[in-house]
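# Residue-level structural notes
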Amino acid sequence: TRCYFSDQCYINLRGNQPLCCHVCCLAACTKSIQKNGLGLELNSSSSLARYCDFYHDDFTRNTCHSKCIPIQYLDTSLTAAAIPSIVGSIGCVTFGLFYMKYCLAKSMARGETYTTYAFDNEIQVKTKNLPHFLASILPLLLLIIIALTGSLFGNDFFKKNIIFIALLAAILTASWLFRQFIPNKIAVFNLGASSSIAPIFATASAVAFGAVVMIAPGFTFFSDLILNIPGNPLISLAVLTSSMSAITGSSSGALGIVMPNFAQYYLDQGLNLEMIHRVATIASNIFTIVPQSGVFLTFLALTGLNHKNAF
């Protein structure tokens with residue numbers, strides 16, 4: 001059957017549970033592949049999986065979850081250091097687009113198609129009604145508007161919790177707008193709730209792993225080595241946070257370690273609160289695509305790929 005989000009993207013039916021590797025950029029990717037004459041029979045290609053995973057991980061986590069963690073320790077907001085944030089986002093998007101093009105060219109040169117890493121299940125395609133484009137993007141726009149408004153004009157409570165309010169508003173809006181397109185609403189909500197458990201445990205285990213690393217005898221030597229890097233303290237902050245993300249495989253896990261244990265050190269160095277927030281958030285996403293990354297393991301489960309053909 002076709003994906004809810006794009007009539008160019010197909011859902012592979014495995015048993016009674018639909019699995020789809022649709023992420024934020026997949027609709028554009030499938031159109032590009034179609035123009036280049038590649039098959040669209042199934043939803044899994046190794047290179048496609050790699051660069052969709054990269055782009056989804058870097059873009060969505062940098063704009064959502066991990067940005068909230070420093071707020072609890074620095075009393076900042078989602079819009080902290082707005083101009084450096086915009087510049088960093090432009091850099092991420094630019095690099096992401098070039099990297100996607102590079103991976104697509106490699107995939108085409110090897111003759112890969114959507115059937116290269118396909119499931120064995122038979123594909124059934126049927127036409128279905130889809131929401132209007134404006135209705136489809138309204139929940140996301142509402143989330144962004146509420147998050148930015150609360151961050152700019154809200155009190156301390158709203159600044160620290162606005163992302164949860166915005167997410168709840170977006171979920172309720174989507175539930176109402178798409179009610180006629182979802183025949184079994186209870187099943188969809190149950191699937192959403194159950195699907196949230198694995199990422200929660202993946203992040204929690206990553207933070208626990210990082211906590212164990214911190215009490216290891218060699219961690220003090222490691223942290224002292226990074227903290228004594230010559231130059232602007234922002235450099236050592238970026239190196240420290242990215243190193244923690246590589247160890248834990250989680251941007252939120254890295255920030256959950258760095259903020260409570262090292263934020264005060266960098267404040268004592270005279271750094272601006274908002275710059276600490278922004279640099280740590282961006283650095284936490286640099287090395288998160290490692291074999292034990294929670295988002296990567298989730299992506300493998302959704303696509304049916306493995307470390308050998310997807311990492």
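Residues numbered from 1 in each chain as written. Predicted model: local features only at pLDDT ≥ 70, side-chain atom pairs only at ≥ 80, totals over all residues. Heavy atoms only, no water.

### Here's the deal with the overall build of the protein chain
Along its length, the protein chain carries 14 helices and two strands. The buried share of the protein chain, reckoned over its 311 residues, is 41%. A separation threshold of at least 6 residues defines the contact pool for the protein chain, and within that pool the share at least 24 residues apart is 72%. By element, 67% of the accessible surface of the protein chain is carried by carbon and sulfur atoms, the whole surface being about 16600 Å². (Helix = DSSP H or I, 4+ residues; strand = E, 2+ residues; numbered from the N terminus. Buried < 20%, exposed > 50% of the residue type's maximum accessible area, 1.4 Å probe, protein only. Contact = heavy atoms within 4.5 Å. Areas by Shrake-Rupley, 256 points an atom, 1.4 Å probe, with all protein chains shown as cover.)

### Remarks on the nonpolar core
Counting residues in hydrophobic clusters, the biggest one holds 22 residues, and the most contacted among them are Leu-237, Leu-240, Val-258, Met-259, Phe-262, Tyr-266 and Ile-276. Listed by contribution, the elements that provide at least two residues to this core are helix H3 (65-74), helix H9 (219-227), helix H10 (233-248), helix H11 (251-268) and helix H12 (273-283). Considering each element in turn, this core owes the most residues, eight residues, to H11. The residues touching Phe-262, leaving out its near neighbours within four places in the chain, are Phe-219, Ser-223, Leu-227, Leu-240 and Ile-257. (Core = buried A, V, L, I, M, F, W, Y, C linked by side-chain atoms within 4.5 Å.)

### A word on the packing of aromatic side chains
This model, assessed by the stated rule, comprises six aromatic pairs. Judged by centre distance (6.4 Å) and plane angle (35°), the rings of Tyr-99 and Tyr-102 are tilted. Taken together, the positions of Tyr-99 and Tyr-102, both in helix H4 (residues 82-109) and three residues apart, correspond to about one turn of that helix. Taken together through their ring pairs, the aromatic side chains of Phe-95, Tyr-99 and Tyr-102 make up a single cluster. (Phe/Tyr/Trp six-rings, centres within 6.5 Å; stacked < 30°, edge-to-face > 60°.)

### Some words on the confidence of the model for the protein chain
Model confidence for the protein chain is summarised by a mean pLDDT of 75, while 73% of its residues fall at 70 or above. Confidence, read as mean pLDDT per element, is least for strand E2 (residues 17-19) in the protein chain (38) and greatest for H12 (92). Below a pLDDT of 50 lies the segment residues 1-63, which in the model reaches 174 contacts outside its immediate sequence neighbourhood of four places, other chains included. (pLDDT = per-residue confidence, 0-100.)

### Some remarks on the packing of H10 against H12
Taken N-terminus to C-terminus, the directions of H10 and H12 make an angle of 40°; their axes are 8 Å apart at the nearest point. H10 and H12 meet at a crossing whose hand is right-handed. In this structure, H10 uses Leu-234, Leu-237, Ala-238, Thr-241, Ser-242 and Ser-245 to contact H12, whose residues at the interface are Met-275, Ile-276, Val-279, Ala-280 and Ala-283. (Axes fitted to C-alpha atoms, helices over the stretch in contact; angles between N-to-C directions. Left-handed = near helix turned anticlockwise from the far one by under 90°.)

### Focus on the side chain of Asn-285
Tracing the backbone through its elements, the reader meets Asn-285 in the loop between H12 and helix H13 (294-303). With relative accessibility at 5%, the residue Asn-285 sits in the buried group. Of the polar contacts made by the side chain of Asn-285, one reaches the backbone oxygen of Thr-281; its length is 2.9 Å. (Polar contact = N/O pair within 3.5 Å; in protein donor to acceptor, adjacent residues only side chain to side chain.)

### Some details on H11
With 18 residues, H11 should reach 26 Å at 1.5 Å per residue; the first-to-last C-alpha distance of 24 Å fits that figure. Along its length, H11 reaches its greatest deviation from straightness, about 55°, at Phe-262. (Expected span 1.5 Å × (residues − 1). Bend = angle between axes of the 7 residues up to and from the residue.)

### Quick word on H9
Along H9, the residues classified as buried are Phe-219, Ser-223, Ile-226 and Leu-227. The buried side chains of H9 occupy one side of the element, clustering within an arc of 95° when seen end-on. For H9, the exposed residues lying more than 90 degrees away from the buried face are Phe-221 and Leu-225. (Arc of directions from axis to C-beta.)

### Regarding the packing of H9 against H10
For the pair H9 and H10, the least separation of the axes is 8 Å and the interaxial angle reads 145°. Residues Phe-219, Phe-222, Ile-226 and Leu-227 of H9 pack against Ser-236, Val-239, Leu-240, Ser-243 and Met-244 of H10. Here the contact of H9 with H10 is built from residues that sort into seven nonpolar, two polar and no charged. (Nonpolar A, V, L, I, M, F, W, Y, C, P; charged D, E, K, R; others polar.)

### Points about the environment of Phe-201
Of note, Phe-201 is situated in helix H8 (residues 197-214). Take Phe-201: its relative accessible area is 58%, and that puts it in the exposed class.

### Re a nonpolar patch on the surface
A surface patch of nonpolar side chains, about 530 Å² in accessible area, is lined by Leu-140, Ile-144, Leu-148, Leu-152 and Phe-153. Here Leu-152 is to be found in helix H5 (residues 133-153). (Patch = residues over 30% accessible without salt bridge, like charges linked within 9 Å, V, L, I, M, F, W, Y side chains within 5 Å. Salt bridge = Lys/Arg side-chain N within 4 Å of Asp/Glu carboxyl O.)

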